[in-house]
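Residue-level structural notes
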Amino acid sequence: MRDIADLKLKNILLEVDDDGIATVTLNRPEKRNALDLATIDELVDIFVTLPRAGIRAAILHANGDHFCAGLDLVEHHRENRSASDFMHVCLRWHEAFNKMEYGGVPVIAVLKGAVVGGGLELASAAHIRVAGPGTYFGLPEGQRGLFTGGGATIRVADLIGKARMIDMMLSGRLYQGQEAVDVGLCQYLVDDPAAKAQEIARNAAQNPPLSNFAICSAISHMQNMSALDAAYAEAVVAGVVNTQEDAKARLDAFAKGTANKIKPGT
């Protein structure tokens, strides 16, 4: 099993605190954290490793003024890729983002500045998105003669609907502020998104790992199933998760009135 200490990272910083919360930080601020293939490879390595290392939650950060400006167009132009070459690049992006979404570790994205193109595809693979007041979301592929290749047609369309996504790509429309929350691009809009993400991560890290795994993996899988198959899968997952020893202990505490009360609005 690969250990976190064995990861060879150049474009991403990775730290883990004593509570098992990992901070994953895109570190190409001079490129507005644009995603080159090396960065995508590092994302794959990280999100393959974190679930196996017992990480309880992950916070996705970015250095600089912007979260991510998407595909590194300079690298794309320099490489002069063939259709086959770029297809394999896209499949690697899908691998990275699938590891995030289906890995079973809660991923909370801290968003600021540009969250555009592939940056929005990256953010949409996180389970919770927390935006700051200057954050803006866009899919400018149409104006650049491009098409999404990292899962926007799957995840962004699922978040905001097909019509809004088509509008963004055709017209270059940007969403920001409360409108971005209202259409589903982020769940929180706060003055200090990093602090809010920490709060969410620490709350999630207190859940039983098996429960978090089911929440952050099974739901996405079930969305890809027919209603009948999803109902069966949900029953199976509930049977496993709801009878785990941690769940029994928490239920016992609840029945005895000693469990922590749920705070309204959380």
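Quick note: structure is the one above.
This section reports on the structure supplied with the text. This one's a predicted model, so the numbers in the text were calculated from it and none came from an experiment.

Before going further, it helps to examine the pairing of strand 3 (residues 57-62). Counted residue by residue, strand 3 has six buried out of six residues, so it is predominantly covered. Burial along strand 3 is two-sided: the residues A57, I59 and H61 and A58, L60 and A62 are all buried. One ladder, built from six bridges, connects strand 2 (residues 21-26) with strand 3; its direction is parallel. Looking across to strand 3, one finds that A22 is bridged to A58. Where the polypeptide runs from strand 2 across helix 1 (residues 37-52) and back to strand 3, its parallel neighbour, the crossover connection is right-handed.

As a further point, take the sheet that holds strand 5 (residues 114-116). A sheet is described by the order of its strands in space; here three strands give the open sequence 5-7-8, paired in mixed fashion. Edge positions in the sheet fall to strand 5 and strand 8 (175-176), since each has one partner strand and no second. Relative to strand 8, strand 7 (residues 136-138) runs antiparallel, the two sharing two bridges. Pairing of Y136 across the sheet is with Q176, part of strand 8.

Moving on to the layout of surface pockets. Of the volumes computed, that of the second largest pocket is approximately 450 Å³. Contributing to the lining of the second largest pocket are 20 residues, with E101, S124, R155, D158 and S220 lying nearest its centre. Tallied by class, the residues present in the lining of the second largest pocket amount to eight nonpolar, eight polar and four charged. No fewer than three residues from each of domain 1 (4-205) and domain 2 (207-256) sit in the lining of the second largest pocket.

What follows concerns helix 3 (residues 83-102). Taking 1.5 Å per residue as the helical rise, helix 3 with its 20 residues ought to reach 28 Å, and the 28 Å between its terminal C-alpha atoms agrees with that figure. Burial in helix 3 covers these residues: V89, C90, W93, A96, F97, M100 and E101. Buried residues of helix 3, viewed axially, fall in a sector of 135°; they line one side. In this structure, the buried side of helix 3 is in contact with helix 1, strand 3, strand 4 (107-111), helix 4 (118-124), helix 5 (155-160) and helix 9 (209-223). Just beyond helix 3, the residue with positive phi is G104, at close to 90°.

About the criteria used
Residues numbered from 1 in each chain as written. Predicted model: local features only at pLDDT ≥ 70, side-chain atom pairs only at ≥ 80, totals over all residues. Heavy atoms only, no water. Buried < 20%, exposed > 50% of the residue type's maximum accessible area, 1.4 Å probe, protein only. Helix = DSSP H or I, 4+ residues; strand = E, 2+ residues; numbered from the N terminus. Pairing = 2+ DSSP bridges. Right-handed = clockwise from strand over helix to strand, strands pointing away. 1 Å grid on protein atoms, 1.4 Å probe; cavity = no way out; pocket = protein on both sides within 12 Å on 5 of 7 lines; lining within 4 Å. Points joined across faces, edges and corners; volume = space filled by probe spheres on them. Nonpolar A, V, L, I, M, F, W, Y, C, P; charged D, E, K, R; others polar. Domains from an automatic or database assignment. Expected span 1.5 Å × (residues − 1). Arc of directions from axis to C-beta. Contact = heavy atoms within 4.5 Å.

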